[in-house]
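In case you want the letters, here they are:
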Amino acid sequence: MTAIAPAPLEHARTLYEPQPAEVVAVEKLTDLENLYRFRLSSGEPLGHGPGQFVQMSLLGIGECPISICSSPTRGDYFELCVRRVGEVTGHIHGLKKGDTIGIRGPLGHGFDVHDMHGRDVLIVAGGLGLAPVRSLIQYILDERSRFGAFHLLYGARSPAELLFRNDLTIWRESPDVNFHMTVDRPDEQWRGRSGVVTTLFGELPPIDPLETMVVIVGPPIMFKFVVLEVLARRVPQKNVFCSLERRMKCGVGKCGHCQANNVYVCLEGPVFRYGELKALREAIE
Amino acid sequence: MLDRIITRGRLVELVDELARTRRIIGPVRRGERFFYEPVAKAREIDLEFNYCVYSPKKVLFPAREELFMFERNNGSFRTKPLLDERPTALIGVHPCDINAIRLLDQVFSHSHRDDHYLARRRQLFIIGVDCPAECTAGVFCEDMKSNEANEGFDLMCYPLSANGASEDMRYGIKFGTDAGREFLLYAQAGDRPTVEDERAFERYRAQKRAAFQRRIPFDVDGLPALLDRSYDSLLWEATARRCYSCGSCNLSCPTCFCFNTFDKLDLTLSSGQRVREWDGCQLREFATVAGGHNFRPQAASRLRHRIYRKGKWILEREGIPGCVGCARCDRACTAKINSVEIYNQLAEEG
Ligand SMILES: Cc1cc2nc3c(=O)[nH]c(=O)nc-3n(C[C@H](O)[C@H](O)[C@H](O)COP(=O)(O)OP(=O)(O)OC[C@H]3O[C@@H](n4cnc5c(N)ncnc54)[C@H](O)[C@@H]3O)c2cc1C
Ligand code: SF4
Ligand code: SF4
Ligand code: FES
């Protein structure tokens, strides 16, 4: 293998090389999740759209896909919310302000926000699913006049697992969003609603099914029950969106890991229309 | 129409000339079997090979390769890509494998260019050898329409006279690229084909058509539709009962291109390489995500995934079949799981 020559240092970046990004802030969200704010060392904006993801690298440890959880309307930084589950994410949790990591992206196909302009939006998020849709939530709030009614439903397993608490407070008080949340298992201090996320549908005013775009992101089991609620309100399946998670290695449609039937989630997703997914048996089973 | 006629002796001389500027890789006999290996002299290559156990895929897409190296310093890092730009010639590739390379070319060049594959591909000169008969039992290249190749090579050699390994046996030559044309013309090698040569070529083709058996008793264009109807067939589970999920079928396949990546750290702990290595969809963890959820936990769902990829999805995505009918997967399988048999059993179900 040593016969292979390295390219000169000044080169156009190849497909798999990450570019450096600096940690500008770290915030602990829960026992398992931290929020990181990054800026590319090149000074360029990442250039992402809501719903896209990046491959995050710690050189020498490895790489993993993480959704971008801030909106491009928020300036030249981007945020990633990382749950500690294994090798790479474990090391990410050791990062401090000033550290540098590698980024490839933005990757994948995010939300078609232009399609949503002029419409009402209903977002239903469960657990870590709030991270990928937070980029869309921020986008809608920053471009509020482009959208009609905006409903946001969020469910977590327990109060300790609620993500983005600062945001939750802001959203609850904001006239710009009709926000409701619930936890499956309340504790003594919990004063809010309890029960699974579908119970929050009782809080919704009647929605205009033909004018409402629905976004559902959460664990597969939640997905199914939420889709039932939405279809029961006669929202057409083409107006329902979701974001899939798969094992990913390349992020660019080569390595085959993310394939669900005949789609590559990294290329054609992670955001899909529910109508497109129905024919894909592996998509939501 | 042929472009040139050349004797085996002259071809061997030309390959030896090529070896002065390129690494030469071709079929080398090891006991009863053949493997693609680098050689110093053209004579070490056996152009009468039946088939190579592994395909030439590994020349373009090695089983393990370093993608880039990195250096960590002051909390940041620098990367340098590792591109293999060694001029190489691959001598003796059968049409099925040339068709497989065409698929890889496309997969690694569209939408996001894979510089590592493409650097090797740019530097690769391919001399194909056409097969006058089935190379071994069980191949179904005829059914997959890949027992002929019309592009994807620099030169293609058609063995027009039968007497095997003699020096004056004649190959009909077709140019696939300008590089192939120049290779012969600059060396002033080969003769213009005569009318008699063209007739011999026609006879060769007629004999070839008669020599190849069909093993799938329906038109392969109907395979995607057949698979479409067969998603819920019990055959997947019935067949997968024998499957060891060992991935040998993936590893031996000339069109499988899935991979994994991981990092290697040097002893200094400040530099290392990102590596990619072949992966296979038959291995249990292939579709496992964090939290342990596996999107294809049963051998049956993995087997179905592989066959769908080969028979339907790759064709639909790339416009090029995902299987070239070389039957390497069938031969590699200890459990004797056989793709032709699967196709035929599905067809019997209707
Ligand atoms: C599009 C997308 C967006 C995502 N967004 C986020 C996000 O915003 N925040 C977030 O926290 N996570 C997100 N994830 C999930 C995240 O990518 C995984 O948690 C991460 O890859 C885990 O990497 P790790 O190295 O820490 O874990 P690993 O050390 O890889 O282990 C975690 C688990 O992964 C599986 N696994 C990994 N490698 C292997 C292997 N070689 N063999 C067998 N099993 C293996 C196992 O199930 C293991 O238990 C997203 C995933 C996708 C696809
Ligand atoms: S080679 Fe045979 S046993 Fe091994 S994974 Fe493939 S089909 Fe299964
Ligand atoms: S699937 Fe089997 S027969 Fe088809 S190309 Fe791959 S190894 Fe050859
Ligand atoms: S992550 Fe490699 S193909 Fe999608």
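Residues numbered from 1 in each chain as written. Chains lettered and ligands numbered in written order. Predicted model: local features only at pLDDT ≥ 70, side-chain atom pairs only at ≥ 80, totals over all residues. Heavy atoms only, no water.

Participant: How would you sum up the side chain of E134 of chain B? Please name residues and give values.
Facilitator: All names here are of chain B. One can find E134 in the loop between β7 (124-129) and β8 (155-159). A distance of 3.0 Å separates a polar side-chain atom of E134 from the backbone nitrogen of Q213. Side-chain polar atoms of E134 contact the side chain of R215, separated by 2.8 Å. Among all residues touching E134, those that are not within four sequence positions of it are V139, A211, F212, Q213 and R215. (Helix = DSSP H or I, 4+ residues; strand = E, 2+ residues; numbered from the N terminus. Polar contact = N/O pair within 3.5 Å; in protein donor to acceptor, adjacent residues only side chain to side chain. Contact = heavy atoms within 4.5 Å.)

Participant: Tell me about the site of ligand 3, and please be specific about residues and values.
Facilitator: Close contacts around ligand 3 come from F140, C253, P254, K310, C323, V324, G325, C326, A327, R328 and C329 of chain B, and that covers them all. Residues of the shell around ligand 3, tallied by class, amount to eight nonpolar, one polar and two charged. (Near = heavy atom within 4 Å. Nonpolar A, V, L, I, M, F, W, Y, C, P; charged D, E, K, R; others polar.)

Participant: Break down the site of ligand 1 for me, citing the residues and quoting the values.
Facilitator: In the vicinity of ligand 1, 22 residues are found, and the nearest of them are P65, C81, R83, T89 and R247 of chain A. Per-site note: the chains with residues close to ligand 1 are chains A and B. Measuring from a nitrogen atom of ligand 1, one finds a side-chain N or O atom of S67 of chain A at 2.9 Å. Measuring from an oxygen atom of ligand 1, one finds a backbone N or O atom of V88 of chain A at 2.9 Å. Every element with two or more residues in the shell around ligand 1 is listed here: β5 (62-67), β6 (78-83) and α1 (87-92) of chain A. Per-element accounting of the shell around ligand 1 gives the leading share, four residues, to β5 of chain A. Across the shell around ligand 1, the residue classes break down as eleven nonpolar, five polar and six charged.

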